[in-house]
Amino acid sequence: MRRRPRGVVSVSLKHLLAFAKVKGIGPARLRLLAARFGDLGLAWNAGEYDLMAAGLDSRTTAAVSAAHREVDPDAELDKLGKSGVTALAWDDPAYPALLREIPEAPAVLFIRGALTEADRWGIGIVGTRNVSAYGREAAETLARDLAANRLTIVSGLARGVDGAAHQAALKAGGRTVAVLGSGVDVIYPPEHRRLAQQIAENGAVISEYPLGTQPDAMNFPPRNRIISGLSLGVVVVEADEKSGALITTSYAAEQGRDVFAVPGGIFSRTSRGTNKLIQDGAKLVTCAADILEELNLERVAKRAEAQLALPDDDAERSVLQTLNRDPMPIDDVIRRTNLPASVVAGALAMLELKGLARLSDGAQYTRAS
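Analysis parameters
- Residues numbered from 1 in each chain as written.
- Predicted model: local features only at pLDDT ≥ 70, side-chain atom pairs only at ≥ 80, totals over all residues.
- Heavy atoms only, no water.
- Helix = DSSP H or I, 4+ residues; strand = E, 2+ residues; numbered from the N terminus.
- Buried < 20%, exposed > 50% of the residue type's maximum accessible area, 1.4 Å probe, protein only.
- Contact = heavy atoms within 4.5 Å.
- Areas by Shrake-Rupley, 256 points an atom, 1.4 Å probe, with all protein chains shown as cover.
- Lys, Arg positive; Asp, Glu negative; His and termini not counted.
- Charge placed at Lys NZ, Arg CZ, Asp CG, Glu CD.
- Pairing = 2+ DSSP bridges.
- Right-handed = clockwise from strand over helix to strand, strands pointing away.
- 1 Å grid on protein atoms, 1.4 Å probe; cavity = no way out; pocket = protein on both sides within 12 Å on 5 of 7 lines; lining within 4 Å.
- Points joined across faces, edges and corners; volume = space filled by probe spheres on them.
- Nonpolar A, V, L, I, M, F, W, Y, C, P; charged D, E, K, R; others polar.
- Core = buried A, V, L, I, M, F, W, Y, C linked by side-chain atoms within 4.5 Å.
- Salt bridge = Lys/Arg side-chain N within 4 Å of Asp/Glu carboxyl O.
- Axes fitted to C-alpha atoms, helices over the stretch in contact; angles between N-to-C directions.

Draft legend 1. Quick look at the overall build of the chain. Within the chain, the regular secondary structure consists of 18 helices and 12 strands. Projected onto its principal axes, the C-alpha coordinates of the chain cover approximately 75 × 65 × 35 Å. With 369 residues in all, the chain has 50% of them scored as buried. Long-range contacts, defined as pairs at least 24 residues apart, comprise 70% of the intrachain contacts of the chain with a sequence gap of at least 6. When the accessible area of the chain is evaluated, it comes to approximately 17600 Å², of which 50% is carbon and sulfur surface. A distance of 4 Å separates the average location of the 44 positive side-chain charges in the chain from that of its 44 negative side-chain charges.

Printed below as a string of structure tokens:
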């Protein structure tokens, strides 16, 4: 069995895509193969003996061997490119840092839309599909107010609480991320297709499951670890004692995330789970300020707002990198950036409006932060 030098691991996206099609190959086994072979390409092309020597059981080894005959890594990469969907491998610098920390972090994320730096400040909102009028209002109010504070709302696109939270975040002009238990091209429930499109335009629809994966009951519990993994804390709005939302809070606790719960009536079936969470130590939530205060996010929200005002084109970025704390005449900025005078003047004006540059005496500019 050929191996790369110890400590050198090459993660090939096309081979990740191919392995994603193999039943029984999850994040832990992929990392095992990457570590043992040093290269997922070598792992993909390995024989059964080498795969078993690397730690795979006979059933999984047989599944990989069968996939060799049915799955073409190059074709999978081509299919992805034509779909308009992007994919992030676990070693990609753009892979969410918070998610990378969790046990069994997805080896690859399929994304419709885009994850951004602003999504580092995510709050999960989950709950029952059979939401009451009270629960819907609570979910909408929390999502709206958190989104207004520049926090990203993370949920599962399900009926009830999830859908209400996504919709409220969008109405507030905020970002939201939907985590699916199917491929990102297979929207479930089907009535949320339009909502999924809106989310992709103002955030991201993501999944660890490859394109074409149908919604299977077995897929939803594992996807909940991604909801909590992307979030600084998870809020349960309404949930019965056996609600799937409580699976998310279990993952949140394992991942060291804060758990919040909205209290409900003692006679309400959909409040049994949330009230029990509060009894067990979850933070009782009556408004968004409770979450912001508990997580010390008032300051973070301001930081996130500033980050959203970062330069959004190459000219602004180049000019901002040129500036420093010492006043600089505009002619020097033009010379150092090698950009046309009109472009530099426009970039400086935008940076000043965003609070990233300051105009001082003598038509000189300094960096504001």
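Draft legend 2. Representation of the pairing of strand β7 (residues 233–236). Here β7 shows two buried faces, one formed by G233 and V235 and the other by V234 and V236. Here 4 bridges tie strand β3 (residues 122–126) to β7, and the two strands are oriented parallel to one another. Its bridge partner being in β7, V126 is matched across the sheet by V236. In this sheet, strand β8 (residues 258–261) lies alongside β7 in parallel orientation, the contact comprising 4 bridges. Across the sheet, the residue bridging to V234 is V259, located in β8. Handedness of the crossover is the feature at issue here: the chain leaves β7, passes through helix α12 (residues 245–254), returns alongside β8, and the resulting connection is right-handed.

Draft legend 3. Region of the structure containing empty space enclosed by the protein. Within the structure shown, the criterion is met by 2 cavities of 30 Å³ or more. In this model, the largest cavity occupies a volume close to 70 Å³. Lining the largest cavity, in full, are L17, K21, E76, K79, L80, F110, P210 and L211. With 3 residues, helix α6 (residues 73–83) is the largest single contributor of residues to the lining of the largest cavity. Among the residues forming the lining of the largest cavity, the class breakdown is 5 nonpolar, no polar and 3 charged. Every residue lining the second largest cavity is listed: R129, G156, A158, R159, Y188, P189 and F220. In terms of residue class, the lining of the second largest cavity is built from 4 nonpolar, 1 polar and 2 charged.

Draft legend 4. Structural view of the layout of surface pockets. By volume, the largest pocket amounts to about 770 Å³. Taken together, 25 residues make up the lining of the largest pocket; nearest its centre are V22, K23, G24, I25 and Y209. It is helix α2 (residues 27–37) that provides the largest number of residues to the lining of the largest pocket, a total of 4 residues. Within the lining of the largest pocket, the residues separate by chemical class into 14 nonpolar, 4 polar and 7 charged. The computed volume of the second largest pocket comes to approximately 250 Å³. Elements represented by at least two residues in the lining of the second largest pocket include exactly α11 (220–229) and α12. Per-element tally for the lining of the second largest pocket: the top contributor is α11, with 5 residues. When its residues are assigned to classes, the lining of the second largest pocket shows 7 nonpolar, 7 polar and 3 charged.

Draft legend 5. Representation of the nonpolar core within the structure. Counting residues in hydrophobic clusters, the biggest one holds 66 residues, and the most contacted among them are F19, L33 and I206. Discounting chain neighbours no more than four positions away, the residues touching I206 are L109, F110, I111, L115, V177, A178, V179, L180, V184, I226 and L230. With 27 residues, the next largest nonpolar core counts A139, A164, A288 and L297 among its residues.

Draft legend 6. Seen up close, the environment of V184. On the secondary structure map, V184 appears in the loop between β5 (176–179) and α10 (193–201). Each C-alpha atom of the pair V184 and I206 lies 6.1 Å from the other, and the pair is 22 residues apart in sequence. Among all residues touching V184, those that are not within four sequence positions of it are V85, F110, R112, V205, I206, S207 and L211.

Draft legend 7. A look at the pattern of salt bridges. In total, this model carries 13 salt bridges according to the counting rule given. Between R335 and D332 there is a salt bridge, with the nearest N and O atoms lying 3.6 Å from each other. Placement of the pair is R335 and D332 together in helix α17 (residues 330–337), with a separation of 3 residues, close to one helical turn. Using a relative accessible area of 25% as the deciding quantity, one classes D332 as partly exposed.

Draft legend 8. Spatial organisation of the sheet that holds strand β4 (residues 152–155). Spatial strand order, β1-β2-β6-β5-β4-β3-β7-β8-β9: 9 strands in an open sheet with mixed pairing. With partners counted over all chains shown, the strands left at the sheet margins are β1 (86–89) and β9 (283–284), one partner each. Examined bridge by bridge, strand β2 (residues 108–113) and strand β6 (residues 203–207) share 4 bridges and lie antiparallel to one another. Across the sheet, the residue bridging to G113 is A204, located in β6. Contacts from helix α8 (residues 133–148) reach β3, β4 and β7 within the one sheet, and its direction differs from that of β3 by about 175 degrees.

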